[in-house]
Amino acid sequence: MKSVARWLALLSLIAAAAAAGPALAQVAPTAPPPQESEPTQLDDVVVVTADVEQTARAYVAAVGAPPEGREPAAWRRRICVGVGGMSPEPARALADRVLDWGYSLGLEIGPPGCTPDIFIVATDDGNATARELVTARPRAFRTGAGGMDRGGAALRAFQESGRPIRWWHVSLPVNEDNGRPAIRLPGQQPFVAPPEITRPSQLGSFAVTGLASRLSDQIRDDLQQVIVVLDSSALEQASFMEVADYVAMIALAQVDPQASPEVPSILNLFDPDRPREETLSAWDRGYLRALYTTYLDRSAGNANAAILAGATAREVQAQPVAGDEGS
């Protein structure tokens, strides 16, 4: 087994939470003098058929795997990819492919030398490497706070699954208004209210702006880190670019390791009973675009899943590709 000791130090640099960037104030421009109105150009209307909507619901249900009780998370800050266990040229190609897909979703790319939050380890023994990583940095996998990972059973599967590619996501529930953590993190002191609260600043990091709505939830889920273990057997079963696109898909979304979509998908790459896709299918691209452009702010039942499925269906219907639009 190739040693990954030199890459373990990088895991200690991965932050458990990202600081939100400062908001930019916008100044309203001076109103221009009255002019003759021009015709308004409307966006194209995408008509979603019932079968596409139904298929999208099945795809979203099969693919998504957020922590229990949470919504699917996405990256809300710039991303940085680190690759270990590969020679420089293929490692750079793999990282660039993941970053290319992230850039296509509007994500900012970290500068050279940035601290990886998407960490990919190539190895000859996936099980042994996964166990070594978890043993060396257990808090990188189980932070000790609720709603940030999929739990102990999923972590055991991560270490023992034998899959050619396996992954572990850590996300963070944050307040959408200010980007601050919406849960108490390990080591954070519990809030002790002063005798009398007279101003919001007295609440410190616990301050939350509330909405007068039963339908909306101000808490969103942000990806914080992804650890991917890439077994050499993956490259014996698929091409380098197919593997790179597969890694990109699971690095940008919380994908269920058991996912086997019934529509064309790069996630079926290692399923002998499904057709092979050479890159992200229309369904994969539609799902990612929907995930990164849709506000999942509903607080009732499966409303967010329905919203995400509807957005996915519209994305797929808007950009059909031959061979990808099947259901």
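## Quick notes on the packing of aromatic side chains
Then comes step 1: On inspection of all chains with the given rule, the structure shows 7 aromatic pairs.
Then comes step 2: Centroid distance Phe141 to Phe158: 5.6 Å. Interplanar angle 45 degrees. Geometry classified as tilted. Highlighted residues: Phe141 in the loop between α4 (126-136) and α5 (152-160) and Phe158 in helix α5, separated in sequence by 17 residues.
Then comes step 3: Overall, the relative accessible area of 0% leaves Phe141 in the buried class.
Then comes step 4: Ring-pair connections join several aromatic residues into one group, and the members of that group are Tyr59, Trp283 and Tyr287.

## Some remarks on the side chain of Gln225
Then comes step 1: Tracing the backbone through its elements, the reader meets Gln225 in strand β4 (residues 219-231).
Then comes step 2: At a separation of 2.4 Å, a polar atom in the side chain of Gln225 contacts the main-chain carbonyl oxygen of Ala140.

## Here's the deal with the packing of helix α2 (residues 50-63) against helix α8 (residues 282-293)
Then comes step 1: It is at 11 Å that the axes of α2 and α8 come closest, and there the two elements cross at 75 degrees. As summarised for this structure, α2 and α8 are arranged roughly perpendicular, according to the angle between their axes. For the pair α2 and α8, contact is made by Val52, Thr55, Ala56, Tyr59, Val60 and Val63 and by Trp283, Asp284 and Tyr287, respectively.
Then comes step 2: Residues that form the contact of α2 with α8 fall into these classes: 7 nonpolar, 1 polar and 1 charged.

## What about α5?
An α-helical turn contains 3.6 residues, so a residue and the one three or four places further along point in the same direction.
Then comes step 1: By the burial criterion, the buried members of α5 are Ala154, Leu155, Phe158 and Gln159. Within α5, the buried residues cover an arc of 140 degrees as seen down the axis, which keeps them to one side. Opposite its buried face, α5 presents the exposed residues Ala153 and Arg156, each directed more than 90 degrees away.
Then comes step 2: Where α5 is buried, its residues meet α4, β3 (165-175) and β4.

## Overview of the environment of Asn268
Then comes step 1: Inspection of the secondary structure puts Asn268 in the loop between α7 (240-252) and α8.
Then comes step 2: Judged by its relative accessible area of 2%, Asn268 is buried.
Then comes step 3: In sequence terms Asn268 and Tyr246 are 22 residues apart; their C-alpha atoms lie 9.1 Å from each other.
Then comes step 4: When near neighbours in sequence (up to four residues on either side) are disregarded, Asn268 contacts Ser260, Pro261, Val263, Arg274 and Pro275.

## Some words on the sheet that holds strand β2 (residues 118-123)
Then comes step 1: With mixed pairing, 4 strands are arranged side by side in an open sheet as β1-β2-β4-β3. Edge positions in the open sheet fall to β1 (81-84) and β3, since each of these has one partner strand only. Strand-to-strand twist across the sheet, computed as the mean angle between neighbouring axes with direction ignored, equals 15 degrees.
Then comes step 2: Bridge count for β1 against β2 is 4 bridges, and the pairing is parallel.

## Structural notes on the nonpolar core
For soluble globular proteins, nonpolar side chains are generally found buried alongside one another.
Then comes step 1: Counting residues in hydrophobic clusters, the biggest one holds 61 residues, and the most contacted among them are Trp75, Ile120, Ile165, Tyr246, Leu252, Leu267 and Tyr292.
Then comes step 2: Here this core gets 9 residues from one element, more than from any other, and that element is α7.
Then comes step 3: One finds Val121, Leu133, Val134 and Phe141 within the second-largest nonpolar core, a separate group that totals 18 residues.

## Remarks on the confidence of the model for the chain
Then comes step 1: Per-residue confidence for the chain gives a mean pLDDT of 81; residues scoring 70 or more make up 71%.
Then comes step 2: Across residues 12-32 the pLDDT falls below 50, and counting only partners more than four positions away or on other chains, this stretch makes 18 contacts in the model.
Then comes step 3: In this model residues 323-327 is a low-confidence stretch, pLDDT under 50, and it forms 13 contacts with partners more than four residues away in sequence or in other chains.

## Remarks on the state of the cysteines
Then comes step 1: Evaluated as defined, the whole model comprises 1 disulfide.
Then comes step 2: Across the disulfide from Cys80 sits Cys114; the S-S distance is 1.9 Å. Across the S-S bond of Cys80 and Cys114 the torsion is about 90 degrees, and the bridge reads as right-handed. Of this pair, Cys80 sits in the loop between α2 and β1 while Cys114 sits in the loop between α3 (88-104) and β2, and the two are 34 residues apart along the sequence.

## Some details on the pattern of salt bridges
Then comes step 1: Scanning the entire structure with this criterion turns up 10 salt bridges.
Then comes step 2: With a closest N to O distance of 2.9 Å, Asp221 and Arg70 form a salt bridge. Residue Asp221 is found in strand β4, and its partner Arg70 is found in the loop between α2 and β1; the two are separated by 151 residues along the sequence.
Then comes step 3: According to the relative accessible area criterion, Asp221 is buried, its value standing at 3%.
Then comes step 4: Between Asp245 and Arg97 there is a salt bridge, and its shortest N-O distance comes to 2.5 Å. Highlighted residues: Asp245 in helix α7 and Arg97 in helix α3, separated in sequence by 148 residues.
Then comes step 5: Given a relative accessible area of 1%, Asp245 falls into the buried group.
Then comes step 6: On the basis of relative accessible area, Arg97 is assigned to the partly exposed category, the value being 24%.
Then comes step 7: Three or more residues are tied together by salt bridges with common partners; here these are Arg76, Arg220 and Asp222.

Thresholds, definitions, all that
- Residues numbered from 1 in each chain as written.
- Predicted model: local features only at pLDDT ≥ 70, side-chain atom pairs only at ≥ 80, totals over all residues.
- Heavy atoms only, no water.
- Phe/Tyr/Trp six-rings, centres within 6.5 Å; stacked < 30°, edge-to-face > 60°.
- Helix = DSSP H or I, 4+ residues; strand = E, 2+ residues; numbered from the N terminus.
- Buried < 20%, exposed > 50% of the residue type's maximum accessible area, 1.4 Å probe, protein only.
- Polar contact = N/O pair within 3.5 Å; in protein donor to acceptor, adjacent residues only side chain to side chain.
- Axes fitted to C-alpha atoms, helices over the stretch in contact; angles between N-to-C directions.
- Parallel < 35°, antiparallel > 145°, perpendicular 65-115°, else oblique.
- Contact = heavy atoms within 4.5 Å.
- Nonpolar A, V, L, I, M, F, W, Y, C, P; charged D, E, K, R; others polar.
- Arc of directions from axis to C-beta.
- Pairing = 2+ DSSP bridges.
- Core = buried A, V, L, I, M, F, W, Y, C linked by side-chain atoms within 4.5 Å.
- pLDDT = per-residue confidence, 0-100.
- Disulfide = S-S within 2.5 Å.
- Salt bridge = Lys/Arg side-chain N within 4 Å of Asp/Glu carboxyl O.

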